[in-house]
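Okay, here's what each chain looks like letter by letter:
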Amino acid sequence: MSDDVFIVGAGIHPFGRTPGLSGLQQGVFAVRQALDRAGLAWPDIQFAFGGSDAAGNADTMVAELGLTGIPFINVANGCATGGSAMFGAYSTIKSGEFDLGLAVGFDKHPRGSFSPLPADWGLPDWYGETGLMLTTQFFAMKIQRYMSMYGITPHTLGAVAEKAFANGVLADHAWRREAVDIDTIMNSQMVSDPLTKFMFCSPGEGAVALLLASGKKARELGLPAVRLRAAAVRTRPPGSFEVFSPALDLERGGSPTSIASRAAYDMAGVGPEDIDIAQLQDTEVGAEIMHMAENGFCADGDQTEWIAKGRTRIDGDLPVNTDGGCLACGEPIGASGLRQVYENYMQLTGQAGARQAPGKLRLGYSHVYGAPGVSAVAIVER
């Protein structure tokens, strides 16, 4: 078995809308960029895990990259597809089977909201007829409940979005690269109370590729690298209430995020107090707020003070979503979780440019959440 797994290279196709280029072609772009930056060639890659929700099977990119006979595993795990692809690549190297592999994710979603069908998620038709297949409605209900329980204010929701767009201005791969002031955010069109249109991310396009290597191979390559201290994927436990869940248990339990988080901390031998920078799932502003607590960074209800004091800004105590997250970058499902790890890789290796967080960053944390209640967490170390 390999004791260590490292990320030794990364590539990204800008997020947003790219007419004339398929999602798969954006994936190929990201892979080639990662290889070029690392001084490697496609035949050097021994295996790959890749995923897409709406843009085809990732393994078909070998038609453009080269027919080397590589084992290429397709991954589909909702919004956690990218994190799950990386988990597969991490586990493969950890097993000692291969020394150098790829995790890639891409997507190209049509305009408008996602339109999942109840039957595809094991749900009866009535669930869709109530409107709960609309994630905008579900997450608005979820944050309403959380606000009532823990005193989170509407202004705090707006502040999360304001931070995201400010960070996106500094990220050359972000889709939304224009600052939006909090008054505009708060007074924009209400989509589903209490969430306005600037408080949601949008389905989009983009791709990310990460090169993973064993410790031996990483030392041989001598590239800028971060050690992948932990990669954990968990599904929902009893008593959790997640998107596409048709009922809420009276006896509340944990969440897939809370158990994935604990597993990752245990695997890495660190705690939330050790983390220097975090990328958290923020498909809407309430998600970032709730996930701050679910990942152990603060107590439920403390988010209002944290955000008011700027603790999650790039120059704060714990920078969160330094490239603007899903709110500024959009959410191409297959690529989104890998974008978070890409951002931590860039930050920890000092390559983040105008959005570089200050100080010496040692540990980066990423968390992605997907339907019907799947979370993936990764912790990287410089």
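Treat the numbers as computed from the prediction; the structure is a model and nothing was measured.

Definitions and cut-offs
- Residues numbered from 1 in each chain as written.
- Predicted model: local features only at pLDDT ≥ 70, side-chain atom pairs only at ≥ 80, totals over all residues.
- Heavy atoms only, no water.
- Helix = DSSP H or I, 4+ residues; strand = E, 2+ residues; numbered from the N terminus.
- Rg over C-alpha atoms; globule rule 2.2 N^0.38 Å.
- Buried < 20%, exposed > 50% of the residue type's maximum accessible area, 1.4 Å probe, protein only.
- Contact = heavy atoms within 4.5 Å.
- Areas by Shrake-Rupley, 256 points an atom, 1.4 Å probe, with all protein chains shown as cover.
- Core = buried A, V, L, I, M, F, W, Y, C linked by side-chain atoms within 4.5 Å.
- Salt bridge = Lys/Arg side-chain N within 4 Å of Asp/Glu carboxyl O.
- UniProt positions renumbered as here; feature names shortened; annotations may be inferred.
- Expected span 1.5 Å × (residues − 1).
- Phe/Tyr/Trp six-rings, centres within 6.5 Å; stacked < 30°, edge-to-face > 60°.
- Pairing = 2+ DSSP bridges.
- Disulfide = S-S within 2.5 Å.

Examining the overall build of the protein
Part 1: Counting secondary structure elements, the protein contains 13 helices and 11 strands.
Part 2: A compact globule built from 382 residues should have a C-alpha radius of gyration of about 21 Å, and the protein, at 19 Å, falls within 12% of that.
Part 3: Overall, the protein is about 55 × 50 × 40 Å in size when its C-alpha atoms are taken along their principal axes.
Part 4: Residues classed as buried in the protein amount to 59% of the 382 residues present.
Part 5: Considering only contacts in the protein between residues 6 or more positions apart, those separated by 24 or more positions represent 75%.
Part 6: Of the roughly 14,700 Å² of accessible surface on the protein, 51% is carried by carbon and sulfur atoms.

What about the nonpolar core?
Part 1: Residues Leu-157, Leu-195, Ile-275, Val-285, Phe-297, Tyr-365 and Ile-379 are the most contacted members of the largest nonpolar core, which totals 44 residues.
Part 2: Sorting elements by how many residues they give to this core places helix H6 (residues 154-169) first, with six residues.
Part 3: Residues in contact with Leu-157, not counting those within four places in the same chain, are Ile-143, Met-147, Pro-194, Leu-195, Met-199, Val-285 and Ile-289.

Quick word on the pattern of salt bridges
Part 1: All chains considered together, the criterion is met by 14 salt bridges.
Part 2: Residue Glu-205 pairs with Arg-17 through a salt bridge whose shortest N-O separation is 3.7 Å. A residue pair is termed long-range when its members are at least 10 positions apart, and Glu-205 in strand E7 (residues 205-214) and Arg-17 in the loop between strand E1 (5-16) and helix H1 (23-38) qualify at 188 residues.
Part 3: With its nearest N and O atoms 2.8 Å apart, the salt bridge here joins Glu-205 to Lys-108. With a gap of 97 residues between them, Glu-205 in strand E7 and Lys-108 in strand E4 (residues 100-108) connect regions that are remote in the sequence.
Part 4: A relative accessible area of 27% means that Lys-108 is categorised as partly exposed.
Part 5: Each member of the salt-bridge network shares a partner with another, and the members are Asp-4, Arg-227, Arg-229, Arg-362 and Glu-381.

Focus: the UniProt feature "domain: Thiolase C-terminal" (unreviewed entry) in the protein
Part 1: What UniProt calls "domain: Thiolase C-terminal" (unreviewed entry) maps, in this numbering, to residues 256-380.
Part 2: End C-alpha atoms of residues 256-380 are separated by 20 Å, and the span's content is 40% helix alongside 14% strand.

Concerning the environment of Tyr-345
Part 1: Here Tyr-345 lies in helix H13 (residues 333-348).
Part 2: The spacing of Tyr-345 and Leu-210 is 135 residues in sequence and 9.5 Å in space, taken between C-alpha atoms.
Part 3: With residues near it in sequence (within four places) discarded, Tyr-345 still touches Ile-7, Val-8, Gly-9, Ala-10, Pro-224, Ala-225, Val-226 and Gln-351.

So, helix H5 (residues 135-150)
Every α-helical turn comprises 3.6 residues, leaving residues that sit three or four positions apart pointing alike.
Part 1: Between its first and last C-alpha atoms H5 spans 22 Å; for 16 residues at 1.5 Å apiece the expected length is 22 Å, and the two agree.
Part 2: Within H5, the full set of buried residues consists of Phe-138, Phe-139, Ala-140, Lys-142, Ile-143, Tyr-146 and Met-147.
Part 3: One or two residues past the end of H5 sits Gly-151, with phi positive at roughly 75 degrees.

Topic: the packing of aromatic side chains
Part 1: Under the defined criterion, the tally for this structure stands at 10 aromatic pairs.
Part 2: Considering the side-chain rings of Phe-165 and Phe-198, the 6.1 Å spacing of their centres and the 85 degrees angle between planes classify their relative orientation as edge-to-face. Within this pair, whereas Phe-165 is found in helix H6, its partner Phe-198 is found in the loop between strand E6 (195-196) and E7, the two being separated by 33 residues in sequence.
Part 3: With a relative accessible area of 5%, Phe-165 lands in the buried category.
Part 4: When the ring of Phe-297 is compared with that of Tyr-365, the centres are 5.1 Å apart and the planes differ by 85 degrees; the resulting orientation is edge-to-face.

Observations regarding unusual backbone geometry
Part 1: A cis geometry characterises the amide bond from Asp-193 onward to Pro-194, with omega recorded as 15 degrees.
Part 2: As for its position among the elements, Pro-194 is in the loop between strand E5 (190-192) and E6.
Part 3: Each neighbour pair has its own omega, and for Ala-371 with Pro-372 the value is 0 degrees, a cis peptide bond.
Part 4: Mapped onto the elements of the fold, Pro-372 is located in the loop between strand E10 (363-370) and strand E11 (374-381).
Part 5: Although it is not a glycine, Phe-244 sits at a positive phi angle of roughly 70 degrees.
Part 6: Here Phe-244 is to be found in the loop between strand E8 (226-235) and helix H9 (256-268).
Part 7: With a relative accessible area of 6%, Phe-244 lands in the buried category.
Part 8: Of note in the backbone geometry, Asn-321 takes a positive phi value of approximately 55 degrees without being a glycine.
Part 9: One can find Asn-321 in the loop between helix H11 (303-308) and helix H12 (325-329).
Part 10: Take Asn-321: its relative accessible area is 2%, and that puts it in the buried class.

Let's talk about the pairing of strand E2 (residues 47-51)
Part 1: Burial analysis of E2 places five of its five residues in the buried class, the great majority of the element.
Part 2: Of the two faces of E2, the one holding Phe-47, Phe-49 and Gly-51 and the one holding Ala-48 and Gly-50 are both buried throughout.
Part 3: As paired strands, E2 and E4 are joined by five bridges and run parallel to one another. Counterpart to Phe-49 in the pairing with E4 is Ala-103.
Part 4: Of the strand pairs in this sheet, E2 and strand E3 (residues 72-75) are connected by four bridges, and their pairing is parallel. Opposite Gly-51, over in E3, you have Val-75 as the bridge partner.

Details of the state of the cysteines
Disulfides are covalent bonds that link the sulfur atoms of two cysteine residues.
Part 1: Following the criterion strictly, the structure yields zero disulfides and no others.
Part 2: Cys-79 takes part in no disulfide bond, and the closest cysteine sulfur to it belongs to Cys-326, at a distance of 7.8 Å.
Part 3: Free cysteine: Cys-298, not disulfide-bonded; nearest cysteine sulfur from Cys-326 at 19 Å.
Part 4: Residue classification places Cys-298 among the buried positions, given a relative accessible area of 12%.

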